[in-house]
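Examining the three-dimensional arrangement
Each chain, letter by letter, is given below.
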Amino acid sequence: TAALTILILIALIRGLVSAPLHRLAAHMLALQEGAAEQATPGLGRNDEIGTLARRFDELVSARQSAQVRLEIFAAAVEHAGDAIAILDANGAITYVNPQYERQTGFSREQMIGKVPSRGQSSDGTYAGLWETVRAGRIWSGTLQTIRRDGLACFEEVTVAPIKDASGQIASFIAVMHDVTERIRLEEQLSQV
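No experiment lies behind these values; they were computed from the predicted model shown. (Residues numbered from 1 in each chain as written. Predicted model: local features only at pLDDT ≥ 70, side-chain atom pairs only at ≥ 80, totals over all residues. Heavy atoms only, no water.)

What follows deals with the environment of Glu-78. Structurally, Glu-78 is set in helix α2 (residues 48-78). For the pair Glu-78 and Pro-98, spaced 20 residues apart in sequence, the C-alpha to C-alpha distance is 6.3 Å. Once residues lying within four places of it in the same chain are set aside, the contact partners of Glu-78 are Tyr-95, Asn-97, Pro-98 and Arg-108. (Helix = DSSP H or I, 4+ residues; strand = E, 2+ residues; numbered from the N terminus. Contact = heavy atoms within 4.5 Å.)

Shown next as structure tokens:
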């Protein structure tokens with residue numbers, strides 16, 4: 001009878017705990033590999049497995065919401081009217097949006113991995129810019145730059161540090177608004 005009792009207990013444990021946990025784990029792995037979403041197994045249970053299944057479902061929902069927000073932000077950056085560049089912690093460009101290409105004349109391929117060097121403002125301006133953002137603060141100002149075709153232009157630039165989860169600066173984002181026409185018009189008006 002002891003052996004029979006042990007066999008019954010093993011069967012109960014497998015049926016009530018092991019098998020549902022295995023189904024839940026298989027469901028998680030399937031979602032990770034991109035399988036079509038199905039109902040999470042164990043949601044209707046009123047035990048620890050049910051609690052685990054419901055918490056997992058909440059995590060999946062939160063991840064999906066974050067993914068949607070990320071896609072919206074990515075679309076906003078891609079379609080922004082200002083040039084946007086993302087630089088790594090060393091100042092090398094890792095991304096430019098289409099407006100950056102139109103505004104500067106430089107293609108994405110030409111810029112990725114390069115440290116920006118088309119500036120015509122004083123070296124002190126750039127030193128101050130990097131000192132500010134490397135200290136974790138936002139820098140804003142007007143820079144004189146040169147387009148790929150050699151034309152001088154002016155851009156209102158904002159550079160902000162982006163910190164990782166540990167609070168360390170992981171990258172920088174630069175937003176550049178072309179103000180060349182406005183500055184030239186102001187110069188013409190001041191000469192009148």
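Back to the write-up after that little detour.
Another point: the sheet that holds strand β4 (residues 152-163). Strand pairing in a sheet relies on backbone hydrogen bonds. The paired strands run either parallel or antiparallel. Overall, antiparallel pairing links the five strands, which are arranged β2-β1-β5-β4-β3 in an open sheet. Edge positions in the sheet fall to β2 (93-96) and β3 (139-146), since each has one partner strand and no second. Put simply, the sheet's adjacent strands are angled 30° from each other on average, direction ignored. Sheet topology note: the strand β1 (residues 83-88)/β2 ladder contains three bridges and is antiparallel. Of the residues in β2, the one forming a bridge with Ala-85 is Val-96. (Pairing = 2+ DSSP bridges. Axes fitted to C-alpha atoms, helices over the stretch in contact; angles between N-to-C directions.)

Turning our attention to the environment of Ser-140. Looking at the element boundaries, Ser-140 is found in strand β3. Each C-alpha atom of the pair Ser-140 and Ser-18 lies 59 Å from the other, and the pair is 122 residues apart in sequence. Setting aside anything within four residues of it in sequence, one finds Ser-140 in contact with Val-157 and Thr-158. At 3.1 Å, the side chain of Ser-140 forms a polar contact with the side chain of Thr-158. (Polar contact = N/O pair within 3.5 Å; in protein donor to acceptor, adjacent residues only side chain to side chain.)

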